[in-house]
Structures are given as C-alpha cells and as structure tokens.
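Structural overview
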Amino acid sequence: MFEEVSPEVGELDEAAVDEAMSENPDDMMALLGELVQATDEELRRKAKELAARLVLDRARFGRPGGRGTARMRRVPADRGGDIDIDASMDAIVEARSGGRNPSLEEIWARDWARTDLAICVVLDTSGSMSGDRLTASAITAAACAWRAPGELAVLQFAKEVKVLRHIEGGKPSGPLVGEVLGLRGHGVTGLAGALRAAADELGRARAARRIVVLLSDCRATDDDDPLPAAAQIDELLILTPDDDTAAAEELALAAGARWRHLPGPTAAPALINDLLG
C-alpha cells in the first residue's frame with residue numbers, strides 16, 4: 001500500500017489514498033498515521049495535512065443533527081464572555097463622548113449558552129498505545145469535537161498528564177487533530193492521575209451532562225489504583241483496542257462505566273454516538 005500512495009520520494013498520491021480509503025479505511029488511516037512521522041520532511045508535511053482532513057471528514061460520519069451542540073448568545077459584558085465590539089460600538093462612542101469609559105453593564109459580549117453536553121477526551125499515549133491506536137485517538141478527539149463544540153477538553157497521558165485543549169476551548173479542531181496525529185506512545189500508564197485531571201476539567205463546565213471519553217487499554221502500570229478516580233466520574237465511557245479489552249472491561253464493571261471495543265480507527269465516531277445515546 002505504501003508504494004501505491006507514495007510512488008516517489010516525498011510524494012503522496014491523493015487519488016491513490018482516496019481509493020485505499022474506500023477499500024480499507026482502517027489500514028489507510030493507520031498508514032497515514034505512520035507517514036506523519038516519516039523522516040522525509042515533505043512527505044511528513046503532506047501526510048499530516050491529508051491525515052488531518054481525512055480525520056475531520058471521518059469524524060462527521062453519523063453526526064446527530066442538533067443534539068449536544070452549544071450556541072453563541074449575546075449577554076451583558078458583566079456576565080463574562082468576549083466583548084462584541086460591533087454590538088457595543090454605540091455605547092462605547094457615547095461614553096467616550098462624555099469623557100468616560102463605558103461600564104460593563106453598557107456593552108455586550110458573546111458567550112456560549114448553556115450546553116447540553118461537555119466532554120473531556122482522555123487519550124492514552126503510553127508505550128502500549130501506538131500505531132493505529134493513536135490514529136484512533138485523533139478520530140475520537142475530532143468526533144467528540146463535533147458532539148461538544150462549546151465545552152470540550154482533550155488530555156493526553158502516559159506517566160504525566162498534558163492538556164491539549166482546556167474545557168473553555170481556544171484550540172480549533174484542525175490544529176488539535178494535527179497535534180494528536182503527531183503524538184507517539186511511550187512510558188508508563190498513569191491512568192488514575194489522568195482521570196483526576198479529567199474530573200478537574202469537567203468541574204469548570206457549564207453543561208448539565210459531563211462525560212469523560214477514555215481511549216485506553218486501561219492497563220495501569222504505576223502504583224496508583226485508577227478505580228477510586230473512575231468511580232467519582234459521573235459518566236465514564238471507555239473505548240479500548242479490539243485485541244486488548246480485559247482491563248477496560250474490568251474497570252468499567254467496577255466503576256459503573258460503559259465501554260466498547262474499538263475494531264479500528266474509523267469505527268470511533270459511530271461508537272461514540274452509540275455510547276452517548
């Protein structure tokens with residue numbers, strides 16, 4: 001497959017990629033995930049751009065219309081949000097003409113209305129999670145971004161936890177997916193710390209329904225038992241690799257979570273829709 005999609009050094013045949021995606025999307029996405037780390041700089045750049053586009057396209061599959069989305073609303077600036085200059089211009093001009101600064105009560109801001117859903121995606125990047133498992137991470141993050149565009153956090157973890165996007169947002173889906181595609185698995189699996197960090201992120205959410213989506217084999221390899229942290233999460237949904245489900249099933253049963261095995265990267269959006277209901 002590699003020779004078909006990259007016939008020359010530094011080249012990537014998009015037509016061949018599209019054909020391979022139609023025939024075997026999981027294998028093609030896994031290959032693109034590997035090409036993102038290619039030693040050839042031009043091939044790496046092209047693979048990352050193409051993989052990010054395909055990930056976002058795949059994430060749209062099965063997107064439920066009008067459910068779980070956030071809406072922007074106009075609110076007085078004293079309630080928070082980002083200043084809406086256009087809507088506030090008259091008040092600003094009037095105040096300045098009177099030799100004063102406008103008060104927050106006089107100007108407008110734009111803020112997210114209360115959402116139906118907040119999601120914290122937790123991606124295992126320990127040594128056991130590599131190859132197509134990390135490609136699945138990118139598709140999972142993108143699919144969750146479609147379901148909770150207003151309140152979405154994305155964390156990666158091995159021994160330590162790193163926040164890729166805070167619950168308040170700030171990083172668009174495209175750059176976020178590109179960053180996830182560039183991850184590589186290494187180190188121990190500090191699952192308990194990651195679940196605690198996810199709970200902290202969701203503690204700042206405004207949505208009534210707050211969910212942690214964990215993509216991991218759930219084989220904690222440090223000395224910190226993940227069960228107490230998992231049991232404290234209102235809704236924990238676990239996606240685990242198809243060939244390694246025992247630890248995830250055990251954790252889900254003990255913590256009252258829901259889980260599904262992930263047969264391949266492109267199955268993630270449908271499984272997320274199934275788990276979210």
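Placed above this text is the structure.
This report concerns the structure included in the present document.

Parameters at a glance
- Residues numbered from 1 in each chain as written.
- Predicted model: local features only at pLDDT ≥ 70, side-chain atom pairs only at ≥ 80, totals over all residues.
- Heavy atoms only, no water.
- Helix = DSSP H or I, 4+ residues; strand = E, 2+ residues; numbered from the N terminus.
- Buried < 20%, exposed > 50% of the residue type's maximum accessible area, 1.4 Å probe, protein only.
- Contact = heavy atoms within 4.5 Å.
- Areas by Shrake-Rupley, 256 points an atom, 1.4 Å probe, with all protein chains shown as cover.
- Axes fitted to C-alpha atoms, helices over the stretch in contact; angles between N-to-C directions.
- Parallel < 35°, antiparallel > 145°, perpendicular 65-115°, else oblique.
- Left-handed = near helix turned anticlockwise from the far one by under 90°.
- Nonpolar A, V, L, I, M, F, W, Y, C, P; charged D, E, K, R; others polar.
- Pairing = 2+ DSSP bridges.
- Core = buried A, V, L, I, M, F, W, Y, C linked by side-chain atoms within 4.5 Å.
- Polar contact = N/O pair within 3.5 Å; in protein donor to acceptor, adjacent residues only side chain to side chain.
- Salt bridge = Lys/Arg side-chain N within 4 Å of Asp/Glu carboxyl O.
- Arc of directions from axis to C-beta.

**A few points about the overall build of the protein chain**
A count of helical and extended segments in the protein chain gives 11 helices and 9 strands. Burial analysis of the protein chain (277 residues in total) assigns 49% to the buried set. The long-range fraction of contacts in the protein chain, counting pairs at least 24 apart against all pairs at least 6 apart in sequence, stands at 72%. As displayed, the protein chain has an accessible area near 13100 Å², and 48% of this comes from carbon and sulfur atoms.

**Side note on the packing of helix α6 (residues 132-147) against helix α7 (residues 173-181)**
Axis separation between α6 and α7 bottoms out at 8 Å; the angle between their running directions is 160°. Looking at the two axes, α6 sits roughly antiparallel to α7. In the crossing of α6 with α7, the sense of the turn from one axis to the other is right-handed. For the pair formed by α6 and α7, the contact residues are Leu134, Ser137, Ala138, Ala142 and Ala145 on the first element and Ser173, Val177, Val180 and Leu181 on the second. Residue composition of the contact of α6 with α7, grouped by class: 7 nonpolar, 2 polar and no charged.

**Comments concerning the pairing of strand β6 (residues 161-165)**
Pairing analysis gives 4 bridges linking strand β5 (residues 152-157) to β6, with the strands arranged antiparallel. The residue bridging Gln156 from the neighbouring strand is Lys162, located in β6. Between the end of β5 and the start of β6, which pair antiparallel, lie 3 residues.

**With respect to the sheet that holds strand β9 (residues 258-262)**
The 6 strands are arranged β6-β5-β4-β7-β8-β9 in an open sheet whose pairing can be described as mixed. Each edge of the sheet is formed by a strand with only one pairing partner; in this case those strands are β6 and β9. If you compare each strand with its neighbour and ignore which way they point, the axes differ by 20° on average. Sheet topology note: the strand β7 (residues 209-215)/strand β8 (residues 235-241) ladder contains 5 bridges and is parallel. The partner of Leu215 across the bridge, within β8, is Leu239. Docked against the sheet, helix α11 (residues 268-276) engages β4 (117-124), β7, β8 and β9, running at close to 165° with respect to β9.

**With respect to the nonpolar core**
Judged by nonpolar contacts, the single largest core of 47 residues is most densely connected at Leu12, Leu32, Val55, Ile119 and Leu152. Per-element accounting of this core gives the leading share, 7 residues, to α6. Apart from the residues within four sequence positions on either side, Leu152 is in contact with Ile119, Val121, Ala141, Cys144, Ala145, Arg165, His166, Ile167 and Leu176.

**With respect to the side chain of Ser126**
With respect to the helices, strands and loops of the structure, Ser126 is situated in the loop between β4 and α6. Here the side chain of Ser126 touches Asp124 through a polar contact of 2.7 Å, side chain to side chain. Within polar-contact distance, the side chain of Ser126 engages the side chain of Thr189 at 2.9 Å. With near-sequence residues (within four places) excluded, Ser126 lies in contact with Phe157, Ala158, Gly185, His186, Gly187, Val188 and Thr189.

**Some details on the pattern of salt bridges**
The tally for this structure, following the rule as stated, stands at 9 salt bridges. The residue Glu168 makes a salt bridge to Arg204 at a minimum N-O spacing of 2.7 Å. One end of the pair, Glu168, is in the loop between β6 and α7; the other, Arg204, is in the loop between α8 (191-202) and β7, and 36 residues separate them in sequence. Through salt bridges with shared partners, a single ionic network connects Glu168, Glu201 and Arg204.

**Concerning the environment of Pro265**
Its location among the elements puts Pro265 in the loop between β9 and α11. Spatially, the C-alpha atom of Pro265 lies 5.8 Å from that of Asp26, the residues being 239 residues apart in sequence.

**Some words on the environment of Glu235**
By the secondary structure assignment, Glu235 is in strand β8. Sequence separation between Glu235 and Gly256 is 21 residues; the distance between their C-alpha atoms is 8.4 Å. In terms of polar contacts, Glu235 uses its side chain to reach the side chain of Arg209, at 2.7 Å. A polar contact of 3.3 Å, which involves the side chain of Glu235, links it to the side chain of Arg258.

**Here we look at helix α10 (residues 246-255)**
Listing the buried residues of α10 in full gives Ala247, Ala248, Leu251, Ala252 and Ala255. Along the axis of α10, the buried positions cluster into a sector of 130°, meaning they face one direction only. Facing away from the buried side of α10, by more than 90 degrees, are the exposed residues Glu250 and Leu253. Lining the buried residues of α10 we find α8, α9 (227-231), β8 and β9. At the C-terminal side of α10, Gly256 shows a positive phi close to 75°.

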